Amino acid sequence: MPRPSQFVFAVVLSASLVSGYSFDFSNQPEQCANLSLSISGSGKPPYSVLIIPYGPTPLPNNVEVRTIVFRQFPGDDASVSFQLKFPGSSQFVAVVSDSTGFGSGGTSVAASVMNSSDTTCFNASQTVSPDFPYNINPPNQVVQCSASRLWWDPSQVQGTPNFQGVIPGGESFSIPVGTITNATDMGTGFQWMPTVREGSTLLVVAGDDRGLGTGGSDLFTVSAGLYPNSSCITNTSPSSTAGPPAGGSYPTNASGGLTSTSSGSSNNTGAIVGAVIGGLAAIVIFALVAFYIIRRKTVPRSQKERPVNLLQGDPEDAEPPSNYLPPPYLRPDPYLVTEPTISSASAREDGFRHSALLSDSLTSSAWRQSGVTSFSDPRSATPELEAPGALSPGSTAGLTSSRKSGMTRQLRAVNIIQHEDAGPSASQEPMQTETETIELPPAYTHIRKEEA
C-alpha cells in the first residue's frame, strides 16, 4: 500500500505533467531590488508573469504605492528579471503563464518582500491608482453560483476589458467576457457566474489593451450567499492546488520564513488522512442505516400493531384449561334475587300460608325461567331454597345448562301463594321455610258453591 507522502508526490507530479512546466524565484523578493524568475519544464513560450499586490500596505497613513506588474519574458527566454517597486513587509502573488493560457505555470501563495535601505523606487507619501477602475455588482462580494455584473466606464478603457481570477496558492483562470450591455447606473459590462467554491480567497484582476492588471484588483472571499447553490460547481472548478505552492522557496512573512515542500506535504498528508477517516465514517453510517431499513422490512406482520378485539380472542392465544377459573375481579356477578315477601294483608292476619305446586309442566317452565346457576363464589348472596314437595333439580330432564367452566346449572323451587279471601283452597301445606312468593288473584270458589 503506498504511503500518503507517495500519494502527494503523485498528485504534484501529475499536475506538473498537465501544465508541462513550473517556475521558481531565483532570489528572495526585496524592497527596490531586482526580482528574478526562471522556468523549468517544457512550456510553450513566450512566458509572462503577473505580480499582484496582496494585503494592506505597510506604509503610514495607508499610502498605497504598489501597482500590478505585468512582465513578458524576452523572446523565448525561460527567465526574466525586473525591479520590484514594492515596500518592505508588503506581500504579492505571482502568476506565470505561457502561450497556452493564463496561469498555466502556477500561482504562488502570498510572498513577502524583505526590507532594505533603498527607498528610491517609490514615493511613500503619494498613493497610486490603476489606469481605469472597474466595479462589481452586488458590491464587495462574490457569491458561489450567483451572477455578478462586472462593469466599467467606457471612456476610461482602451479596447475591450479583460478579467482574470487568481486564487493564491491555487488555480488562476480567465473570466469569460459575456454579452456586453449598458445598464442605468451600472455602466457598460456583462454578467459573470462565479464557479469558484465557497470559502476560497479570490483576486479579481482587470485589464485592457494596455496589458493585464491595468484596471487594478480586488480581494474577495467567495461566500455561499443567503440561499446556497452549488449547481455550477464541477470537478474542474477552480480551487486551491494540492501539494506545495508554485514559485519554489520564498519568504511568506516579514521575518523571512520560507515556503517549504516538506511542510506542504505534511499539510496535505493530514488532509488525506482526514478525508480517509471521513469516508470510513460515512460508510459505517450508511451501513447502519441500511441494516435498520432491512430489519424493519423483515419484522413479521403478526408483531405489528393491530386492532383490539374484545369479543374474540387472538388466534395465537392458547385455550385455557378446562378447570381454569378467572381471577375474582374478572368473574361476573350473578343476578341477586330479593328476599321472599308476602304482600297479602289477609294472609298475615290469619297466619296461614298455603303453598301449592303447579303442574309438572308449569313447574318445569317456571323453574326454567327462574333458575340460576349455583356459584361456589362466597360473594353470591342468593340463597339456595328448598321446600317440601319441590322437585329436585335432577328430576327434570333438560333443565341444566353447561358453561365453558363445566359447572352444572341448578334450579330452585318456587312456592306459589293463592289468596284465600274467597275460601280455602283444596289443600293446605304450612310453610316450613322462607321461600319466594308469587301472588295470584283470588279463586272465589266458595261463591260458586253457594250459587249452585
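If you're wondering where the values come from, they're calculated on a predicted model, not measured in any experiment.

Student: Sorry if this is basic, but what is going on with the sheet that holds strand β1 (residues 21-25) here?
Tutor: Note on sheets: strands pair through backbone hydrogen bonds, and any given pair is parallel or antiparallel. Pairing is antiparallel in the open sheet, where three strands are placed in the order β1-β2-β5. The open sheet has two edge strands, β1 and β5 (79-83), and neither has a second partner. For this sheet, the mean inter-axis angle between neighbouring strands, taken without regard to orientation, is 20°.

Student: What is the right way to look at the sheet that holds strand β9 (residues 134-137) in this model?
Tutor: Pairing is antiparallel across the open sheet formed by four strands, whose spatial order is β9-β10-β14-β13. One side of each edge strand has no neighbouring strand; the edge strands of this open sheet are β9 and β13 (181-182).

Student: Looking at this structure, I do not really get the state of the cysteines. What am I missing?
Tutor: Simply put, the disulfide is a covalent bond whose two ends are the sulfur atoms of two cysteines. Summed over the entire model, instances satisfying the criterion amount to two disulfides. Note on cysteine connectivity: cysteine 32 is disulfide-linked to cysteine 121, with sulfurs 1.8 Å apart. Residues cysteine 32 and cysteine 121 are joined by a disulfide whose S-S torsion is about -70°; by sign, that bridge is left-handed. Note that cysteine 32 is positioned in the loop between β1 and β2 (34-41) and cysteine 121 in the loop between β8 (111-112) and β9, a separation of 89 residues in sequence. Cysteine 121 carries the same exposure label as cysteine 32, and that label is buried. Paired by a disulfide, cysteine 145 and cysteine 232 hold their sulfur atoms 1.8 Å apart. One disulfide, between cysteine 145 and cysteine 232, carries an S-S torsion of -90° and so falls in the left-handed class. Taken together, the residues span a long stretch of sequence, with cysteine 145 in the loop between β9 and β10 (148-152) and cysteine 232 in the loop between β16 (217-221) and α2 (261-297) at a distance of 87 residues. Looking at cysteine 145, the relative accessible area reads 7%, which means it is buried.

Student: So what exactly am I meant to see when it comes to the confidence of the model for the protein here?
Tutor: Caution is warranted with low-pLDDT regions, since their predicted coordinates should not be read in detail. Here the protein shows a mean pLDDT of 75. Residues at 70 or above account for 61%. Residue range residues 1-18 is modelled with pLDDT below 50. Its contacts to residues more than four positions away, or to other chains, number twelve contacts. Across residues 261-268, where pLDDT falls below 50, the model places five contacts with residues more than four positions away in sequence or in other chains.

Student: I keep staring at unusual backbone geometry and nothing clicks. Help me out?
Tutor: What is expected of a backbone is that most residues other than glycine have negative phi and most peptide bonds are trans. Proline 46 follows proline 45 through a cis peptide bond whose omega is 10°. Looking at the element boundaries, proline 46 is found in the loop between β2 and β3 (48-54). Asparagine 137 connects to proline 138 through a cis peptide bond whose omega is 5°. In this structure, cysteine 32 takes a positive phi of about 60° despite not being glycine. Accessibility expressed as a relative area gives 7% for cysteine 32, which makes it buried.

Student: What is the right way to look at the pattern of salt bridges in this model?
Tutor: When their charged atoms lie close together, side chains carrying opposite charge are able to pair. On inspection of all chains with the given rule, the structure shows two salt bridges. Residues glutamate 64 and arginine 66 are paired through a salt bridge, measuring 2.8 Å at the closest nitrogen-oxygen approach. Here arginine 66 falls in the buried class, since its relative accessible area comes to 5%. A salt bridge links arginine 210 to aspartate 208, with the nearest nitrogen and oxygen atoms 2.6 Å apart. Arginine 210 gets classed as partly exposed once you look at its relative accessible area, which sits at 35%. The exposure class of aspartate 208 is buried, given its relative accessible area of 3%.

Student: Explain the packing of aromatic side chains to me, please; I cannot follow it from the model alone.
Tutor: Note on aromatic pairs: each is described by the distance of the centres and the angle between the planes. Tallying each qualifying case throughout the model produces nine aromatic pairs. The interplanar angle of 40° and the centroid separation of 6.0 Å between the aromatic rings of tryptophan 152 and phenylalanine 163 together place this pair among those described as tilted. Here the residue tryptophan 152 occupies a position in strand β10, and phenylalanine 163 occupies one in strand β11 (residues 162-166), the gap between them amounting to eleven residues. Look at phenylalanine 163 and you get buried, because its relative accessible area is 1%. Joined through ring pairs, the aromatic side chains of Phe23, Phe25, Phe86 and Phe92 make up one cluster.

Conventions and cut-offs
- Residues numbered from 1 in each chain as written.
- Predicted model: local features only at pLDDT ≥ 70, side-chain atom pairs only at ≥ 80, totals over all residues.
- Heavy atoms only, no water.
- Pairing = 2+ DSSP bridges.
- Helix = DSSP H or I, 4+ residues; strand = E, 2+ residues; numbered from the N terminus.
- Axes fitted to C-alpha atoms, helices over the stretch in contact; angles between N-to-C directions.
- Disulfide = S-S within 2.5 Å.
- Buried < 20%, exposed > 50% of the residue type's maximum accessible area, 1.4 Å probe, protein only.
- pLDDT = per-residue confidence, 0-100.
- Contact = heavy atoms within 4.5 Å.
- Salt bridge = Lys/Arg side-chain N within 4 Å of Asp/Glu carboxyl O.
- Phe/Tyr/Trp six-rings, centres within 6.5 Å; stacked < 30°, edge-to-face > 60°.

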